[in-house]
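What follows is the residue order along each chain.
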Amino acid sequence: MVAGCACNPGLHNLPALRLAGSSGEPYPAGLVAAMRQRLPNTRLIDSYGLAETHFAATMLLDEQFSEHMGSVGRPLPCLEVQVRNGSGAVLGRGEPGEIWLRGSPVTTGYLDGEAATREPLVNGWLRTHDLGRVSRDGYLYVLGRVTDTITVGGNRVFPASVEALLRQLPQVNDAVVLAAPDRSGNEVLVAFVVRQRAAGSPSPTYEGAYASGWPTTRSPRSSGFVPQVPRHPTGKADKPALRRLLVTPG
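Residue numbers restart at each chain and count upward from 1, following the sequence in its written direction. Local features are withheld for residues below a pLDDT of 70 in this predicted model, meaning they are given only at 70 or higher, and side-chain atom pairs are given and counted only at 80 or more; totals for whole chains, interfaces and linings count all residues. Side-chain descriptors were evaluated using all non-hydrogen atoms of the structure, hydrogens and water having been removed beforehand.

Peer 1: Which residues make up the pattern of salt bridges, and what values go with them?
Peer 2: Two side chains of opposite charge can pair, provided their charged atoms sit close to one another. We define a salt bridge as a side-chain nitrogen of Lys or Arg found within 4 Å of a carboxyl oxygen belonging to Asp or Glu. In total, this model carries six salt bridges according to the counting rule given. Its salt-bridge partner being Asp 130, residue Arg 145 comes within 2.8 Å of it at the nearest N-O pair. Here the residue Arg 145 occupies a position in strand E9 (residues 140–145), and Asp 130 occupies one in strand E8 (residues 125–134), the gap between them amounting to 15 residues. Between Asp 174 and Arg 231 there is a salt bridge, with its nearest N and O atoms 2.7 Å apart. In this pair, Asp 174 sits in strand E12 (residues 172–181) while Arg 231 sits in the loop between strand E14 (222–225) and helix H6 (239–243), placing the two residues 57 residues apart along the sequence. Relative accessibility under 20% of the residue-type maximum defines a buried residue, over 50% an exposed one, and the middle range a partly exposed one, all with a 1.4 Å probe and only protein chains included. Classification of Asp 174 by relative accessible area gives buried; the value is 13%. The numbering of helices and of strands both runs from the N terminus, where a helix is a DSSP run of H or I of at least 4 residues and a strand a run of E of at least 2.

Peer 1: Explain the pairing of E9 to me, and be specific about the residues and the numbers.
Peer 2: Among the six residues of E9, five are classified as buried, and the element is accordingly described as predominantly covered. A pair of strands is labelled paired if DSSP reports no fewer than 2 bridges between them. Direction of pairing for E8 relative to E9: antiparallel, over a ladder of five bridges. What sits directly across from Val 134, in E9, is Leu 140. Hairpin geometry of E8 and E9 is characterised by an intervening segment of five residues between the two adjacent antiparallel strands and by a positive phi of about 90° at Gly 138.

Peer 1: Tell me about the confidence of the model for the protein, and name the residues and values.
Peer 2: For every residue, the predictor assigns a confidence score, pLDDT, that lies between 0 and 100. Here the protein averages 81 in pLDDT, while 84% of its residues score no lower than 70. Of all secondary-structure elements in the protein, the lowest mean pLDDT belongs to helix H1 (residues 3–6), at 40, while strand E4 (residues 74–75) reaches the highest, 96. Predicted confidence for residues 1–7 stays below pLDDT 50, and this span has 18 contacts to residues more than four positions away or in other chains. The criterion used for residue contact is that any of the two residues' heavy atoms lie within 4.5 Å. pLDDT under 50 marks residues 201–206. Its contacts with residues more than four places away, or in other chains, come to seven contacts.

Listed below in structure tokens is the structure:
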């Protein structure tokens, strides 16, 4: 991940840096804007892959960022991508579901043998347990893990899509969305937000600034401000650490 490098206020330019790549999570729009400003000679790429694919399965090239922000690109020539429902049926373009991959780079099995291989590998297809959707023009958007899906008011909500909306707000630098039970035992959305340095003190109407314009199912019930999002060495958010900060919403 290159987020720490690009957002360092002391870093003004790296003229020799020609390429910056990311994998694991899509580049936030704010990070791309900062890198374009501070590293104008650097080309960006984003990719999606797993250990089971040996290298990237999809890739978003520098010239594709402006039209496909938040995407991890299109499949490489040696790989196929499908999005399927829980029964394994292939879904149409734009419909969210589990990402399945097939191609020569995909592993043929696991060290522990048949039992470990049987569930994730089906007729040459790898079940990734990642959620995503494929746009009409074939670009993959990763929405999170299957286990990250949150049911709010009977509707499925993908935290990554809400995080992307939050990051579009001028006062937000980073955000992570989790599920929490309310006092009646139903799931609601809770957002942990890192605000922009210039945003000043949080306004008492902060939540209303985004919630009023969004569907109820995609509006966090409450927000907490954190100085930074705790992350694993891979760059992914440390959600267990954030869960320890949760207070049951009313």
